[in-house]
Amino acid sequence: MKLSDIILEQDNWTKFKKEAKELENELKDTYNRDDISVTIIQHSNGDKAMGEVSIQVKEALPSIEYQNMKNFISAKGFEVTGGANYADDDGDRYFYPDIKFEFDLWNYQKLF
């Protein structure tokens with residue numbers, strides 16, 4: 001990759017900020033929770049984007065609620081690629097339950 005490509009490249013970290021906020025609000029409304037955050041970034045190769053739903057709680061969610069959230073993400077057309085229903089404090093930082101997902105950029109207009 002040339003330096004000019006890097007300098008002129010769109011900001012992969014904020015390109016989907018609006019869409020992430022929309023999905024976050026929809027999840028908050030659907031599950032009646034204020035502790036959900038969503039981030040979506042574009043892969044550097046430019047053909048996919050990946051996202052993460054983080055539920056900022058200090059213990060694992062009930063299994064059925066976590067599975068329902070994963071199903072909700074899948075039903076929206078995203079491919080769930082990982083995550084864990086796990087929370088921990090290692091003394092340095094907190095680990096929250098999360099759901100990782102991705103989607104093809106050519107298809108994103110249909111998703112939002």
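The sections below set out a description of the structure shown in this document. Along each chain, the written sequence defines residue order, and numbers are assigned to residues from 1. Note on the predicted model: pLDDT of at least 70 is required for a residue's local features to be given, and 80 or more for side-chain atom pairs to be given and counted; whole-chain, interface and lining totals, by contrast, use all residues. With hydrogens and water excluded, all non-hydrogen atoms of the structure serve as input to the side-chain values.

### What about unusual backbone geometry?
Okay, so step 1: Of note, the phi angle at Asn 32 is positive, near 50 degrees, even though the residue is not glycine.
Okay, so step 2: Every helix listed is a DSSP run of H or I at least four residues long, and every strand listed is a run of E at least two residues long, numbered separately from the N terminus. The residue Asn 32 is located in the loop between α2 (17-31) and β1 (36-42) in this model.

### Here we look at the pattern of salt bridges
Okay, so step 1: What makes a salt bridge here is a side-chain nitrogen of Lys or Arg within 4 Å of a carboxyl oxygen of Asp or Glu, nothing more. Applying the stated criterion to the full structure yields ten salt bridges.
Okay, so step 2: Put simply, Arg 33 and Glu 65 hold a salt bridge, and the shortest N to O gap is 2.9 Å. On the criterion of sequence distance, the pair formed by Arg 33 in the loop between α2 and β1 and Glu 65 in helix α3 (residues 63-75) is long-range, its members being 32 residues apart. Of the two residues, Arg 33 and Glu 65, both sit in the buried class.
Okay, so step 3: With a shortest N-O distance of 3.3 Å, Lys 100 and Glu 52 are connected by a salt bridge. Residue Lys 100 is found in strand β6 (residues 98-104), and its partner Glu 52 is found in strand β2 (residues 48-55); the two are separated by 48 residues along the sequence.
Okay, so step 4: Each residue gets one of three labels from its accessible area relative to the maximum for its type: buried under 20%, exposed over 50%, partly exposed in between, using a 1.4 Å probe on protein chains only. Lys 100 sits in the partly exposed class, given a relative accessible area of 34%.
Okay, so step 5: For Glu 52, a relative accessible area of 27% gives the class partly exposed.

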